[in-house]
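Reading the structure
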Amino acid sequence: MIVDCAHYVDGARQAEAALPPLDAARLCGRGGFVWLGLFEPMPEEMESVRQAFDLHELAVEDAQDYHLRPKVEDFEASVKLVILRTARYDDDREEVDFGEISVFVGRDFVITVRQGVASELHQARARLEQKPELLALGTDAVLWAILDQVVDGYEPVVAGLEHDIEQIEATVFSGAVAPTERIYLLRREVTNFYRAAHPLLAVVNAVGKSLGEERLAPYLRDVYDRLQLVNEEVSAQRDLLGTILQANIAVVSVQQANSAARQNSTMEQLTVLATIFLPLTFITGFFGQNFEWLTSHIDGFWHFMILGIGGLLIPLMALALWLRRNKAPEVDPFASTHPAQRKR
């Protein structure tokens, strides 16, 4: 789909309405330059543009595929292809939406092919049209404006990621457990964003070396400096998330150990109770039988106290003595076990 197509001469747009690609191609070489913007074009549209502007078929094929890394290639002596990855952060989903912009830059034309919703270029065109002194510098100015727009879009992504990372960091280092899946997915998004931002440094550097207009050099250095800052912040975020993930695993381990200790304490208490009541249950069960000797010999209060209550106290005393005798000795952790050291 054609978004806009305009002819610029001396920094001014020559017509408000968008031009058809064939008419725009005929204007090439007559002064100024043409800027054609396409959004997710169909193969037949790209083929018509290729024929109109005499583009290399491999370059056109490259512009229709998604790439993991930005790059710059010279397919012909006067035309270079610059592929950029755009980014936009969705805070609700905590995901980075990526897009792609393929820029064909010639002496008298610029063709931008956008892929994905996160590849808006309207602001770049509008901002450049408000600066006719830069627009008059030609196609290099358009490439600078596109790079500047892409890097501007990176900065809100860094801020959004930083906000979510601070939330997770506060949760983990307060001693609470953060969802491990959230940390892992956020680190994946930061890694993917790093793959988009870091290689762009080489692209901007290559564009700066091939820049034909020296008056654009300060503007391009400004883009490079801001991109370098983004790259450093994303690298720090990736390392920080790795540390947070390890700290969260440590917190989970501590909580599991505390839970196991509580379970062991409960089991120990239940074992003590079961040990105490085991002989008592046996005695009461024995005297609960209605056989003749028992019923004929317990016929008074003292018989009940001696045989009944005494039968309960004797096994309890025997159990207490046995537990005291078999109690594990306490070990002094600071005592040496070496014979020579014990003699000292």
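So, here is what we can say about the structure in this document. Since the structure is predicted, the reported quantities are computational estimates derived from the model, not experimental observations. (Residues numbered from 1 in each chain as written. Predicted model: local features only at pLDDT ≥ 70, side-chain atom pairs only at ≥ 80, totals over all residues. Heavy atoms only, no water.)

A look at the overall build of the chain
When its secondary structure is counted, the chain shows 11 helices and 7 strands. Across the chain, the fraction of contacts at a sequence separation of at least 24, relative to all contacts at a separation of at least 6, is 64%. Of the roughly 20,200 Å² of accessible surface on the chain, 57% is carried by carbon and sulfur atoms. (Helix = DSSP H or I, 4+ residues; strand = E, 2+ residues; numbered from the N terminus. Contact = heavy atoms within 4.5 Å. Areas by Shrake-Rupley, 256 points an atom, 1.4 Å probe, with all protein chains shown as cover.)

A closer look at the layout of surface pockets
Reported here for the largest pocket is a volume of approximately 250 Å³. The wall of the largest pocket is formed by 15 residues, among which Ala87, Ala118, Glu120, Gln149 and Gly153 lie closest to the centre. Elements represented by at least two residues in the lining of the largest pocket include exactly strand E5 (80-90) and helix H6 (139-172). Among the elements that line the lining of the largest pocket, the one with the most residues is H6, at 5 residues. Class assignment for the residues of the lining of the largest pocket results in 8 nonpolar, 5 polar and 2 charged. Of the pockets and cavities examined, the second largest pocket occupies roughly 170 Å³. (1 Å grid on protein atoms, 1.4 Å probe; cavity = no way out; pocket = protein on both sides within 12 Å on 5 of 7 lines; lining within 4 Å. Points joined across faces, edges and corners; volume = space filled by probe spheres on them. Nonpolar A, V, L, I, M, F, W, Y, C, P; charged D, E, K, R; others polar.)

Focus: the environment of Met42
Within the secondary structure, Met42 is located in the loop between strand E3 (33-39) and helix H2 (43-53). Residue class for Met42 comes out partly exposed when judged on its relative accessible area of 45%. When the C-alpha atoms of Met42 and Met1 are compared, they prove to be 7.2 Å apart, with 41 residues separating the residues in sequence. (Buried < 20%, exposed > 50% of the residue type's maximum accessible area, 1.4 Å probe, protein only.)

Thoughts on the nonpolar core
Of all hydrophobic cores here, the largest spans 59 residues; its most connected members are Ile146, Leu147, Tyr154, Phe193 and Leu200. For this core, the element with the most residues is H6, which contributes 16 residues. Among residues more than four places away in sequence, those in contact with Leu200 are Pro70, Leu84, Leu147, Val150, Val151, Tyr154 and Leu227. Counting residues in hydrophobic clusters, the runner-up holds 20 residues, among them Leu38, Met46, Val79 and Val113. (Core = buried A, V, L, I, M, F, W, Y, C linked by side-chain atoms within 4.5 Å.)

Structural notes on the packing of helix H4 (residues 122-129) against H6
Two elements in contact, H4 and H6, have axes whose closest approach is 9 Å; the angle formed by their N-to-C orientations is 130°. When the axes of H4 and H6 are compared, the pair comes out oblique. The handedness of the crossing between H4 and H6 is right-handed. Between H4 and H6, the contacting residues are Gln123, Ala124, Arg127 and Leu128 on the first element and Ala141, Val142, Trp144, Ala145, Asp148, Gln149 and Asp152 on the second. Class assignment for the residues of the contact of H4 with H6 results in 6 nonpolar, 2 polar and 3 charged. (Axes fitted to C-alpha atoms, helices over the stretch in contact; angles between N-to-C directions. Parallel < 35°, antiparallel > 145°, perpendicular 65-115°, else oblique. Left-handed = near helix turned anticlockwise from the far one by under 90°.)

Side note on empty space enclosed by the protein
Going through the model one piece at a time under the given rule, you end up with 1 cavity of 30 Å³ or more. Along the walls of the largest cavity sit Leu55, His56, Ala59, Phe75, Glu76, Val79 and Phe104, which together make up its complete lining. Per-class residue counts for the lining of the largest cavity are 5 nonpolar, 1 polar and 1 charged.

Some thoughts on the packing of aromatic side chains
Evaluation of the coordinates by the stated rule reveals 4 aromatic pairs. Considering the side-chain rings of Trp144 and Tyr219, the 5.3 Å spacing of their centres and the 65° angle between planes classify their relative orientation as edge-to-face. Of this pair, Trp144 sits in helix H6 while Tyr219 is found in helix H8 (residues 217-287), placing the two residues 75 residues apart along the sequence. Using a relative accessible area of 33% as the deciding quantity, one classes Tyr219 as partly exposed. Judged by centre distance (5.3 Å) and plane angle (85°), the ring pair of Tyr154 and Phe193 falls under edge-to-face. Of this pair, Tyr154 sits in helix H6 while Phe193 sits in helix H7 (residues 180-209), and the two are 39 residues apart along the sequence. Taken as a pair, Tyr154 and Phe193 share a single burial class, namely buried. (Phe/Tyr/Trp six-rings, centres within 6.5 Å; stacked < 30°, edge-to-face > 60°.)

Some details on unusual backbone geometry
Even without glycine at this site, Asp10 takes up a positive phi of about 55°. Its place among the elements puts Asp10 in the loop between strand E1 (2-9) and strand E2 (12-13). Classification of Asp10 by relative accessible area gives exposed; the value is 70%. Notably, Glu40 is not glycine yet its phi reads approximately 45°, a positive angle. When you line up the elements, Glu40 lands in the loop between E3 and H2.

What about the state of the cysteines?
Counted by the stated rule, this structure contains 0 disulfides. Free of any disulfide, Cys5 has its nearest neighbouring cysteine sulfur in Cys28, separated by 8.7 Å. (Disulfide = S-S within 2.5 Å.)

Considering the pattern of salt bridges
For the coordinates displayed, the defined rule picks out 19 salt bridges. Linking Asp152 and Arg127 is a salt bridge whose minimum nitrogen-to-oxygen distance equals 3.8 Å. With Asp152 in helix H6 and Arg127 in helix H4, this residue pair connects regions lying 25 residues apart in the sequence. Its relative accessible area of 27% is what places Arg127 among the partly exposed residues. Residue Asp152 pairs with Arg226 through a salt bridge whose shortest N-O separation is 2.6 Å. Of this pair, Asp152 sits in helix H6 while Arg226 sits in helix H8, and the two are 74 residues apart along the sequence. (Salt bridge = Lys/Arg side-chain N within 4 Å of Asp/Glu carboxyl O.)

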